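Structural description and commentary
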Amino acid sequence: MALERTLVLIKPDGMQRHLAGLAMDRLENTHMELVGAKIRTVTDELAREHYALLEGKGPFADKKFFERLINFIKGEYHGDPKRRVLALVYQGENAVQVIRKAVGATNPEDASPDTIRGAFGRVCRRHGYYENVVHASGNTEEADREIGIWFNPGEIIP
Ligand code: IDP
Ligand code: MG
């Protein structure tokens, strides 16, 4: 067992649909410790830095689909001029895996109904994009990288 930190983002669909509280309720139920929280406006630069490693990979080999990913996290499809995303850092034993389990599968239609994505996510019928309410780091390397993008060191409880 290892003490880990992981990054969660309440994405613009979650913010606009007022799901931040419900999502956090489920995250709190994991008994992981909340050690960082901030709300940020997602600029183009922040979006591209966050998703830099996905460019050209899997479904994002299609450039247009990669731009959809960027525009989505910038809140372009959810009409929020403030482009708000809530960033959270959870810490605990195996935090990455524990939080991913509460978050659920990438495709909301494959995600178990007792997960955040399974309960609240949806697939955009027009574009096939997974509007899955939250982001959670996929492994510890990703987590360290992403926490460094969203937070300054002094903003996380040691
Ligand atoms: P993850 O968020 O479960 O780690 P990633 O592969 O990192 O999944 O993809 C980032 C985001 O891009 C997903 O959360 C989802 O919103 C979207 N996405 C990923 N793969 C697909 C796909 O095949 N179709 C539609 N949307 C996708
Ligand atoms: Mg991922």
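As the structure is a computational prediction, the values presented were derived from the model and not from experiment. (Residues numbered from 1 in each chain as written. Chains lettered and ligands numbered in written order. Predicted model: local features only at pLDDT ≥ 70, side-chain atom pairs only at ≥ 80, totals over all residues. Heavy atoms only, no water.)

1. A closer look at the site of ligand 1
Every one of the 13 residues lining ligand 1 counts as a neighbour, but Arg 100, Thr 106, Arg 117, Tyr 130 and Asn 132 are closest to it. Lys 11 places a polar side-chain atom, nitrogen or oxygen, 3.0 Å from an oxygen atom of ligand 1. Contact with the protein chains hides 82% of the accessible area of ligand 1, taken as 530 Å² for the molecule alone. Residue classes in the shell around ligand 1 are distributed as 7 nonpolar, 3 polar and 3 charged. (Near = heavy atom within 4 Å. Polar contact = N/O pair within 3.5 Å; in protein donor to acceptor, adjacent residues only side chain to side chain. Areas by Shrake-Rupley, 256 points an atom, 1.4 Å probe, with all protein chains shown as cover. Nonpolar A, V, L, I, M, F, W, Y, C, P; charged D, E, K, R; others polar.)

2. Remarks on the environment of Arg 122
Tracing the chain through its elements places Arg 122 in strand S4 (residues 122-123). Residues Arg 122 and Glu 109, spaced 13 residues apart in sequence, show a C-alpha to C-alpha distance of 7.0 Å. (Helix = DSSP H or I, 4+ residues; strand = E, 2+ residues; numbered from the N terminus.)

3. Focus: the nonpolar core
Counting residues in hydrophobic clusters, the biggest one holds 24 residues, and the most contacted among them are Leu 7, Leu 9, Val 42, Val 89, Trp 150 and Phe 151. Elements supplying a minimum of two residues to this core: strand S1 (3-10), helix H3 (44-50), helix H4 (63-73), strand S3 (84-93) and helix H7 (140-150). If you tally residues by element for this core, the top one is H4, at 6 residues. Filtering out sequence-adjacent residues up to four positions away, Trp 150 remains in contact with Leu 7, Leu 9, Lys 38, Arg 40, Val 42, Leu 46, His 50, Val 85, Ala 87 and Glu 155. Core analysis: the second largest hydrophobic core is formed by 19 residues, Ile 10, Ala 20, Met 32 and Ala 136 among them. (Core = buried A, V, L, I, M, F, W, Y, C linked by side-chain atoms within 4.5 Å. Buried < 20%, exposed > 50% of the residue type's maximum accessible area, 1.4 Å probe, protein only. Contact = heavy atoms within 4.5 Å.)

Everything listed is a geometric property; what it means functionally is a separate question.
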